[in-house]
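Summary of structural features
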Amino acid sequence: MIAIMPANAQPALTSSLRPLRLGFLALTDAAPLIAAQELGIFAHHGLRIQLCREVGWATIRDKILYGELDAAHALAPMLWAAQLGLDCIKLPVCTGLVLNLHGNAITLSERLWKAGIRDHATLKSEALRRRGENKLTFGVVFPFSLHSLQLRQWLEQAGLKPDRDVRIAIVPPAQMARNLAAGTLDGFCSGEPWNTVSIQQGEGWSPAWSASLTPGHVEKVLMVRTDFAEQRAAEHVTLLAALIQAAAWCDEPRHRAQLAEMLSSPLYLNVSPKVIAPALLGRFGCGHDRFETIPDFHVFSQGDAGVPSISRASTIQSELVAAGLVPSSLANAELPGRLFREDLYRQALTTLPSHAPLLTKLTHDALAGA
């Protein structure tokens, strides 16, 4: 583990005796949280952080809502589910930072390839042939997710009705590859590195990825309870500032190979850097000797990626309503601005100029120690 502790680290800001608890799932797009811890960026800002690896998105949601986590790497649509009490208790939540854009892919089983599936037309024929008790089954990571929206969109492009012609199951990201290999799933939509795990094991192949399906889509955000953002405002804004810096570090192409090594730790993703690196480096292996150059497969910072704007939130809300995941009667015009707090993001930015030399120093020290 890299542990760079700058000599000019700020005094501890955390107001309680315990560190702030930040939840994450074993996914490549948890990179800003992990890099901020490993590079000492949290420490520099006076934050004591405990990173908590969780098993699934329902666990992340519940631990935020019940106060067992202070903040978390979270699916953007989870904010609507929590705020509106959809399949969970109802509690105000918000985000002051988009952690990344893109990062997902659709992976189909090798069994489908051997059955002659190559495109939408052949997939439709197979799905309709098996529309009885032996329906094709696809995994998504959570009902309220861009994965669900993207998979449904992709199936509809094939002329299939997602809830009639195929079965959709909820499966934690880290369990997708083993379920595909076992035959309980015929395909899935998940974040990296779990698509590449299946592909490199020869169990799957990828026909589509999220950067092409829904370009510019918001994927993960830093989710907090609104009362945390209000009652511990200084810590929250400082946390946002630290993660903004970490995201900028993660987005530098020259850091991506080192980032793959960092994420591979047993504490984090616990898979080989050779599995994590291809998508980070923009050279995505789709299976069957096909490689695609996708420089924006993962976007953490560039092009104002981190801004939680009302327009972005409004787009997500419209998509959730159109998919029937959020009742139109509950999706009022004020909701996007309550959930996506650009004001908090801008406030965090104002704290960064005095810390600007830190990123340069961390980059130099980290590369020297690599």
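First, a word on scope: everything that follows refers to the structure included in this document. (Residues numbered from 1 in each chain as written. Predicted model: local features only at pLDDT ≥ 70, side-chain atom pairs only at ≥ 80, totals over all residues. Heavy atoms only, no water.)

Turning to the pattern of salt bridges, a few remarks are in order. Scanning all chains against the criterion turns up 20 salt bridges. Notably, a salt bridge pairs Lys-63 with Glu-54, separated by 3.0 Å at the nearest N-O pair. The exposure class assigned to Lys-63 is partly exposed, which follows from its relative accessible area of 24%. Glu-54 sits in the buried class, given a relative accessible area of 11%. Taking the shortest distance from any N to any O, the salt bridge between Arg-130 and Glu-126 comes out at 3.9 Å. Pair check on accessibility: Arg-130 and Glu-126 agree, each one buried. One salt-bridge network, in which partners are shared between bridges, spans Arg-18, Arg-21, Asp-70, Arg-232 and Glu-235. (Salt bridge = Lys/Arg side-chain N within 4 Å of Asp/Glu carboxyl O. Buried < 20%, exposed > 50% of the residue type's maximum accessible area, 1.4 Å probe, protein only.)

Glancing now at the sheet that holds strand β1 (residues 20–24). Read across the open sheet, the six strands follow the order β2-β1-β3-β10-β4-β13; overall the sheet is mixed. At either end of the open sheet lies a strand with only one pairing partner, and these are β2 (49–53) and β13 (298–299). Judged from the two bridges that link them, β1 and strand β3 (residues 71–75) form a sheet pairing that is parallel. Its bridge partner being in β3, Leu-22 is matched across the sheet by Ala-71. Helix α3 (residues 57–65) rests against β1, β3, β4 (93–102) and β10 (218–225) of the sheet, and its axis sits at about 140° to β3. (Pairing = 2+ DSSP bridges. Helix = DSSP H or I, 4+ residues; strand = E, 2+ residues; numbered from the N terminus. Contact = heavy atoms within 4.5 Å. Axes fitted to C-alpha atoms, helices over the stretch in contact; angles between N-to-C directions.)

This part takes up helix α7 (residues 146–157). Here α7 contains 12 residues, and its C-alpha end-to-end distance of 16 Å stays within 8% of the 16 Å for a straight helix at 1.5 Å per residue. Among the residues making up α7, those that are buried are Leu-146, His-147, Ser-148, Leu-149, Gln-150, Leu-151, Arg-152, Trp-154 and Leu-155. Just past α7, the residue Gly-159 takes up positive phi, approximately 80°. (Expected span 1.5 Å × (residues − 1).)

Residues Leu-22, Ile-34, Phe-42, Trp-57, Trp-80, Leu-239 and Phe-340 are the most contacted members of the largest nonpolar core, which totals 102 residues. With 11 residues, the top contributor of residues to this core is helix α13 (residues 233–250). With residues near it in sequence (within four places) discarded, Trp-57 still touches Leu-25, Leu-27, His-73, Ala-74, Leu-75, Met-78, Val-141, Phe-142, Pro-173 and Lys-220. Among the nonpolar cores identified, the runner-up in size contains 19 residues, and Phe-138, Ala-158, Ala-208 and Leu-213 belong to it. (Core = buried A, V, L, I, M, F, W, Y, C linked by side-chain atoms within 4.5 Å.)

Judged by how many residues are buried, β1 sits mostly within the fold: four of five residues are covered. As paired elements, β1 and β2 share five bridges and run parallel to each other. For Leu-22, the partnering residue across the bridge sits in β2 and is Leu-51.

It is worth spelling out the sheet that holds strand β9 (residues 204–209) at this point. With mixed pairing, the five strands of this open sheet are ordered in space as β7-β6-β8-β5-β9. Looking at the sheet topology across the chains shown, the edges are occupied by β7 (167–170) and β9. Between one strand and the next, the sheet's axes are offset by a mean angle of 25°, whatever the strand orientation. In this sheet, strand β8 (residues 187–191) lies alongside strand β5 (residues 104–109) in antiparallel orientation, the contact comprising five bridges. Within the sheet, the bridge partner assigned to Ala-105 lies in β8 and is Ser-190.

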